[in-house]
Amino acid sequence: MPPAPGDRDARREDVSETVWQVLADKGFGGLTLRAVAAAMGVSTGMLMHYFPTKRALITHALDLLEKRTAERPRRARPGAGLATVRVMLLDILPLTPGDTARNRIWVSSWDLSLADDDLATAQADRYTRLRSTLLPHLEAARDLGELPADTDLEQLAATVVAFAHGLVVQALFDPDRFPEEVQSAMLDDFLATTAPRRAGTDDNRQAPGSR
């Protein structure tokens, strides 16, 4: 018998919380109806009133992950330009236990998404949205003279995201080699390479807002 409407709404939060716990413990590879049901102490039959298929469970988990990522605490945004870009990227990197857990879950979702056209499209859309959030701040940086006037901002946004997510993966697999201070320093060095080259200056530039 399916749960009553009031019970269903009340329990859906419990179900979502348990899905998140299973993701944090096992990643998407260990996310199954059986695992969630066991963590809740209920039958898989009861859980199937919420997720009739594993695909429905995975779709909910991805939506939950995106929601929690969007709602996570963020650093205060400084002034316009590269200083804000820097802070936005720091919010992506696995610099805290919470950010590390979220990134581990995201990375574990890639294998599933690559094997499913609809999920792959949804992931590509997420990257498109991320790049679009960077564009106004890159444009401001160009207007402030922090970037060359002829910078292709869309290409730079793609490069910035690729750098950040490449660093995420390395830090997840080798945290001793990429602790917080190393990740921050690498980010500053990367952003420094985007600055205009000026005659009489060397290449040891620091990104705005850096150490």
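In case you missed it, the structure is sitting above this.
Structural notes, computed from the coordinates. (Residues numbered from 1 in each chain as written. Predicted model: local features only at pLDDT ≥ 70, side-chain atom pairs only at ≥ 80, totals over all residues. Heavy atoms only, no water.)

Comments concerning the packing of helix α7 (residues 117–143) against helix α8 (residues 153–173)
Quick note on the threshold: Here an angle of 0 to 180 degrees is reported between the N-to-C directions of two axes, which are lines fitted to C-alpha atoms, with helices fitted over the stretch in contact. Helix and strand labels come from DSSP, where a helix needs a run of H or I of at least four residues and a strand needs a run of E of at least two; each type is numbered from the N terminus. By definition in this entry, angles of less than 35 degrees are roughly parallel, angles greater than 145 are roughly antiparallel, angles of 65 to 115 are roughly perpendicular, and the rest are oblique. In this scheme, a crossing is called left-handed if the near helix is turned counterclockwise away from the far one by less than a right angle; it is called right-handed if the turn is clockwise. In what follows, residue pairs with any heavy atoms lying within 4.5 Å of each other are defined as contacts.
Look at α7 against α8: their axes get within 8 Å of each other, and the N-to-C directions meet at 120 degrees. Between α7 and α8, the angle is such that the two are oblique. Where α7 crosses over α8, the handedness of that crossing is right-handed. Judged by residue contacts, Tyr127, Leu130, Arg131, Leu134, Leu135, Leu138, Glu139 and Arg142 of α7 engage Leu153, Glu154, Leu156, Ala157, Ala158, Val160, Val161 and His165 from α8.

Description of the nonpolar core
Cut-off, in case you're wondering: Only buried Ala, Val, Leu, Ile, Met, Phe, Trp, Tyr and Cys residues count toward a nonpolar core, and they belong to the same one when joined by side-chain atoms within 4.5 Å. Relative accessibility thresholds used throughout: buried, under 20% of the residue-type maximum; exposed, over 50%; partly exposed, between the two (1.4 Å probe, protein chains only).
In this structure, Val85, Leu89, Leu93, Leu134, Leu138 and Leu147 are the most contacted members of the largest nonpolar core, which totals 26 residues. Elements with a minimum of two residues in this core: α5 (82–90), α7, α8 and α9 (180–192). The element best represented in this core is α8, accounting for 10 residues. In this structure Leu138 touches Leu82, Val85, Leu147, Leu153, Leu156 and Ala157, once residues within four positions along its chain are discounted. Among the nonpolar cores identified, the runner-up in size contains 25 residues, and Val19, Leu31, Ala37 and Ala61 belong to it.

Focus: the pattern of salt bridges
Cut-off, in case you're wondering: By salt bridge we mean one thing: a side-chain nitrogen of Lys or Arg within 4 Å of a carboxyl oxygen of Asp or Glu.
Following the criterion strictly, the structure yields nine salt bridges and no others. One salt bridge in this structure joins Arg126 and Glu66, with 3.1 Å as the shortest N-O distance. Remark: Glu66 occurs in helix α4 (residues 54–71) and Arg126 occurs in helix α7; sequence separation between them is 60 residues. Here Arg126 falls in the buried class, since its relative accessible area comes to 13%. Taking relative accessible area as the criterion, Glu66 reaches 26% and is therefore assigned partly exposed. In this structure, a network of salt bridges that share partners links the residues Arg55, Asp116 and Asp118.

Note that every value here comes from positions in space, so none of it alone points to a role or purpose.
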